[in-house]
Amino acid sequence: MNDTVLNASPVPARAWVAVAALGISAFSIVTSELAPVGMLSMLAKDLNQTESGTGLVVTAYGWVAALAALLSGLIPVKISRKSLLVTLMVVLALSCMAATQSHSMTLFMSARMAGALAHGAFWALIGAVASQLVPAEKLGLATSVIFGGVSAASVLGVPLSSFIADMAGWRSAFTAISLLSLAAACALFWTLPTLSVTQPLRLRVYYGIIKNPVLLSLYGATACIISAHFAAFTYLQPLLTKAQEVPTASISGLLLMSGLSGLAGNIIAGKLIDRHIKGLIFTSLLLSAAALGMLGMKSAAPLTFWITGILLAVWGMGIAIVFVGLQTWLLRSAGDAVQPASAIYVAIFNAAIGTGALAGGQVLAVKGLQGMTVLAAGVIVCSIALVAMLKSPTNKLRPERS
């Protein structure tokens, strides 16, 4: 059926509850995506795989999510967006529950890929949905609430899933994520109004985007930085436990420290990004690469818990600032093509996650944990050259209207 347009003003309380439900959904999705990072060794042992082989789960998830994001523009306009979002969250819940019943890598991978399809399609739709829930003057606040779910997933979701896995096993952790996703689906069902549907994106719009040198450079920088980051981050647990001899029980605490620093990075970016976007990205890239490189360097004795925590905090804060900076730069440079340019950005981001996990696993098998980490830090440093070629964007945005 065709959807009707939600009145923009005044904003009813139910609309803000719907925005909060979208934030909870974002929390569930990102937690599901990154949960294997905190339990990689456990998964590898239970599924009879090497750690580098298990990392392919992250690779495939990222690639499938990227493809789903790109193809989401082909979803017929007659399909209700409310029903679609609810269905996608149910698919995510079922995929996590199916993962708990997997006793082989093939079954586990199949369950994860179903979730990846829901992940990519959900992220491609969420921006347009948010723009219809609240008037334009409230869109920034609504977006910050929704994407606050992403930050919360790093701060609480991944460490909590790692903690549950340590206490009760990885299957219990995925069961918890499944129940949370199902709760989010119910919240969306009860709070989302019917929504208008934007027209499918035309191929000529994408053609104009790929001819824009600024956007191409931003896409290239994003691909390099995200790939390098996740090449190391995917194997963070074995890096800490084997290279730095951190007790397994301390991993969730260190992940929490890294997540909190990432949240602090988001706050710093919000304060400074408008006036110092290029310098802030430069500094953050250097600090992230330095911290990551120090975590991977060989030393006579393992780093202490607190030094390891500080390095993880610097890495997490720096990379969070870079994420915000690159996305802000993209939005200011895309002009009237914000929606399709963002869809491509989401696809590249997810594809880079998968590529980074794959490359990290391959280098890990040849060079070991420390060699892989130092190489990832080097790639982050080299990506500064791509950012250096860009002119700082203006502060004016021209968002698309649905």
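Residues numbered from 1 in each chain as written. Predicted model: local features only at pLDDT ≥ 70, side-chain atom pairs only at ≥ 80, totals over all residues. Heavy atoms only, no water.

Looking at an unreviewed UniProt entry, the protein carries the name MFS transporter, with the source organism given as Silvania hatchlandensis. Quoted verbatim from the Subcellular location (unreviewed entry) field of UniProt, the annotation for the protein is "Cell membrane". (UniProt positions renumbered as here; feature names shortened; annotations may be inferred.)

Colleague: How would you sum up the overall build of the protein? Please name residues and give values.
Modeller: Counting its secondary structure elements, the protein contains 15 helices and 0 strands. For the protein, with 402 residues in total, the buried portion stands at 52%. Long-range contacts, defined here as pairs at least 24 residues apart, represent 87% of the contacts in the protein between residues at least 6 apart. Here the protein displays about 17100 Å² of accessible surface, and carbon together with sulfur accounts for 70% of that area. (Helix = DSSP H or I, 4+ residues; strand = E, 2+ residues; numbered from the N terminus. Buried < 20%, exposed > 50% of the residue type's maximum accessible area, 1.4 Å probe, protein only. Contact = heavy atoms within 4.5 Å. Areas by Shrake-Rupley, 256 points an atom, 1.4 Å probe, with all protein chains shown as cover.)

Colleague: With reference to specific residues and values, describe the environment of leucine 160.
Modeller: For leucine 160, the location among the structural elements is in helix 7 (residues 139-168). On the accessibility criterion, leucine 160 (48% relative accessible area) is partly exposed. Sequence-wise, leucine 160 and leucine 256 are 96 residues apart; in three dimensions their C-alpha atoms are separated by 8.3 Å.

Colleague: Now, about the confidence of the model for the protein: what can you tell me, with residues and values included?
Modeller: Residues at a pLDDT of 70 or more form 86% of the protein, whose mean pLDDT is 81. Averaged over each element, pLDDT in the protein is lowest for helix 9 (residues 203-210) (71) and highest for helix 8 (residues 170-191) (94). Taken together, the stretch residues 1-8 has pLDDT below 50 and engages in 20 contacts with residues farther than four places along the chain or on a different chain. In the model, residues 397-402 has pLDDT below 50 throughout and makes 15 contacts with residues more than four positions away in sequence or in other chains. (pLDDT = per-residue confidence, 0-100.)

Colleague: Go over a nonpolar patch on the surface, please, and point to the residues and values.
Modeller: Side chains of Leu156, Leu256, Leu260, Leu263 and Ile267 sit close together on the surface and give an oily, nonpolar patch of about 430 Å² of accessible area. Sorting elements by how many residues they give to the nonpolar patch places helix 12 (residues 251-296) first, with 4 residues. Locating leucine 260 in the fold gives a position in helix 12. (Patch = residues over 30% accessible without salt bridge, like charges linked within 9 Å, V, L, I, M, F, W, Y side chains within 5 Å. Salt bridge = Lys/Arg side-chain N within 4 Å of Asp/Glu carboxyl O.)

Colleague: An account of unusual backbone geometry is requested, with residue identities and associated values reported.
Modeller: Here asparagine 48, not a glycine, exhibits a phi torsion of approximately 60 degrees, which is positive. Mapped onto the fold, asparagine 48 is located in the loop between helix 2 (40-46) and helix 3 (51-54).

Colleague: Outline the packing of helix 1 (residues 13-34) against helix 8, listing residues and values.
Modeller: Running from amino to carboxyl end, helix 1 crosses helix 8 at an angle of 155 degrees, the nearest separation of the two axes being 9 Å. Between helix 1 and helix 8, the interaxial angle falls into the category roughly antiparallel. The two elements helix 1 and helix 8 meet at a crossing, and its hand is left-handed. Contacts from Arg14, Val17, Ala18, Ala21, Leu22, Ile24, Ser25, Phe27, Ser28, Thr31 and Ser32 in helix 1 reach Phe174, Ile177, Leu180, Ser181, Ala184, Ala187, Leu188, Trp190 and Thr191 in helix 8. Along the lines of polarity and charge, the residues of the contact of helix 1 with helix 8 split into 13 nonpolar, 6 polar and 1 charged. (Axes fitted to C-alpha atoms, helices over the stretch in contact; angles between N-to-C directions. Parallel < 35°, antiparallel > 145°, perpendicular 65-115°, else oblique. Left-handed = near helix turned anticlockwise from the far one by under 90°. Nonpolar A, V, L, I, M, F, W, Y, C, P; charged D, E, K, R; others polar.)

Colleague: Please provide a residue-by-residue account of the nonpolar core, values included.
Modeller: Membership of the largest hydrophobic core comes to 103 residues, with the highest contact counts inside it found for Leu22, Phe122, Leu188, Leu236 and Trp315. The dominant element in this core, judged by the number of residues it contributes, is helix 14 (residues 338-382), at 15 residues. With sequence-adjacent residues up to four places away left out, leucine 22 is seen in contact with Leu85, Phe122, Ile126, Val129, Leu133, Ile146 and Leu188. Counting 15 residues, the second largest nonpolar core, distinct from the first, contains Met39, Val57, Cys96 and Trp170. (Core = buried A, V, L, I, M, F, W, Y, C linked by side-chain atoms within 4.5 Å.)

Colleague: Explain the packing of helix 5 (residues 81-100) against helix 8 to me, using residue names and the numbers behind them.
Modeller: Running from N to C, helix 5 and helix 8 cross one another at 165 degrees; their axes reach a closest spacing of 8 Å. Here helix 8 runs roughly antiparallel to helix 5, going by the angle between their axes. Crossing angle aside, the handedness with which helix 5 passes helix 8 is left-handed. When helix 5 is examined against helix 8, the residues Lys82, Leu85, Val86, Met89, Val90, Leu92, Ala93, Cys96, Met97, Ala99 and Thr100 are found in contact with a partner set consisting of Trp170, Arg171, Phe174, Thr175, Ile177, Ser178, Ser181, Leu182, Ala184, Ala185, Leu188 and Phe189.

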